[in-house]
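Understanding the architecture of this molecule
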Amino acid sequence: MLGICRVYLFQISIPTRAFLLFLAVCFLSSWFESSVFDTIFADRHNFVNVYLVKYSWGWTSMAVGSYLLHESLLKPKDVEGPRISLLSIAMQLFLGTTVWYTFAANLFPWIEEGTGICQASHLDTKRACRRAGYVWTGLDISGHCFLLLWNILFILENITPPTSSNSSRDSTKPSGDSKNQPNAKRNGSYVTVQNFFILLLGFLIFTWEVMLMSTALHFHTTAEKFLGCSIALISWFMVYRLLPLKSVVG
């Protein structure tokens, strides 16, 4: 399972994966825009949407933050690779949360409010319109497409392949030297927890990708999904390619 997860996460470069996901959303959205699919994912109140996607930034930030803290605080000295500073971890989570809060939590709802109109013309706010049981029609940029794609890229920018150095492999093998046994036990525990996080983050990315494709098939217009994905890609490019800030593990 871990080997499959490694291939799934690290075999494709991040820019290539971002481009392929963007193309997949655009293709599915345009090709099936007029189609209606009667599946569990077409229901906004399905379990995955309500309990995972709705809080996807919370799940993503907690999982990535925990992984980075593990790499910062528990990484043995004889394991290869730089140790991540707590300041860098805080900066990564701050940047990720800023992107989420700026677009998904504020800008997109503001645009929908400013460009929309209610079925009942005397109701001039989205909240009043929906509370009265009417439909508010505006430019509803896909927050799901934006957030799911941003979550995927954020995770990939902040993880590295599981430790595979000779020192870490040797440390997990039984040793007749009693002096090395504490180090072997500590390094073995570190690798075990690291592998757990790789599996967890792989599961999250797989879930976000499935739900991204589901959104492409079931919700919003093609233009709204195109805008959502485009803003996620631009945000990723600005933070991880143009700014002098690189990922904490890069």
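Residues numbered from 1 in each chain as written. Predicted model: local features only at pLDDT ≥ 70, side-chain atom pairs only at ≥ 80, totals over all residues. Heavy atoms only, no water.

1. Section: the overall build of the protein chain
From N to C terminus, the protein chain includes 10 helices and two strands. Counting contacts in the protein chain only where the partners sit at least 6 residues apart, residues at least 24 apart contribute 78% of the total. Here the protein chain has roughly 13,800 Å² of accessible surface; of this, 66% comes from carbon and sulfur atoms. (Helix = DSSP H or I, 4+ residues; strand = E, 2+ residues; numbered from the N terminus. Contact = heavy atoms within 4.5 Å. Areas by Shrake-Rupley, 256 points an atom, 1.4 Å probe, with all protein chains shown as cover.)

2. Some remarks on the environment of T222
Looking at where T222 falls in the secondary structure, it is placed in helix α10 (residues 222–242). T222 has contacts with S29, S30 and E33, leaving out every residue within four places of it along the chain. A distance of 3.1 Å separates a polar atom in the side chain of T222 from the backbone oxygen of S29. (Polar contact = N/O pair within 3.5 Å; in protein donor to acceptor, adjacent residues only side chain to side chain.)

3. Some points on unusual backbone geometry
Unusually for a residue other than glycine, H220 sits at a positive phi of about 65°. Summarising the element assignment, H220 is placed in the loop between α9 (181–218) and α10.

4. Some thoughts on helix α2 (residues 14–31)
Taking 1.5 Å of rise per residue, the 18 residues of α2 would be expected to cover 26 Å, and the 26 Å separating its terminal C-alpha atoms lies within 8% of that figure. Along α2, the positions that sit buried rather than exposed are I14, R17, A18, L21, F22, V25, L28 and S29. Take α2 and look down its axis: the buried residues cluster within an arc of 140°, on one side only. (Expected span 1.5 Å × (residues − 1). Buried < 20%, exposed > 50% of the residue type's maximum accessible area, 1.4 Å probe, protein only. Arc of directions from axis to C-beta.)

5. Concerning the packing of helix α7 (residues 143–157) against α10
Two elements in contact, α7 and α10, have axes separated by 7 Å at closest approach and are oriented at 25°. Classed by the angle they form, the pair α7 and α10 counts as roughly parallel. The way α7 lies across α10 gives a crossing that is right-handed. Facing α7, whose interface residues are C145, F146, L149, W150, L153, F154 and E157, α10 presents K225, G228, C229, I231, A232, L233, S235, W236, V239, Y240 and R241. In terms of residue class, the contact of α7 with α10 is made up of 13 nonpolar, two polar and three charged. (Axes fitted to C-alpha atoms, helices over the stretch in contact; angles between N-to-C directions. Parallel < 35°, antiparallel > 145°, perpendicular 65-115°, else oblique. Left-handed = near helix turned anticlockwise from the far one by under 90°. Nonpolar A, V, L, I, M, F, W, Y, C, P; charged D, E, K, R; others polar.)

6. Side note on the pattern of salt bridges
In total, this model carries four salt bridges according to the counting rule given. Here E209 and R17 are joined by a salt bridge, their closest N and O atoms 2.9 Å apart. In this pair, E209 is assigned in helix α9 and R17 in helix α2, connecting sequence segments 192 residues apart. Given a relative accessible area of 5%, R17 falls into the buried group. E112 serves as the salt-bridge partner of K126, at 2.6 Å between the closest nitrogen and oxygen. (Salt bridge = Lys/Arg side-chain N within 4 Å of Asp/Glu carboxyl O.)

7. A look at the packing of aromatic side chains
Tallied over the entire structure, the rule returns 14 aromatic pairs. Between the aromatic rings of Y67 and F197, the centroid separation amounts to 6.2 Å while the plane-to-plane angle is 75°, which identifies the pairing as edge-to-face. One end of the pair, Y67, is in helix α4 (residues 56–73); the other, F197, is in helix α9, with 130 residues separating them in the sequence. Pair check on accessibility: Y67 and F197 agree, each one buried. Cluster of aromatic residues (ring-pair linked, three or more members): W57, W150, F154 and Y240. The cationic tip of R17 hangs over the ring face of Y8; the distance from NZ or CZ to the ring centre is 4.7 Å. (Phe/Tyr/Trp six-rings, centres within 6.5 Å; stacked < 30°, edge-to-face > 60°. Lys NZ or Arg CZ within 6 Å of the ring centre and 35° of its normal.)

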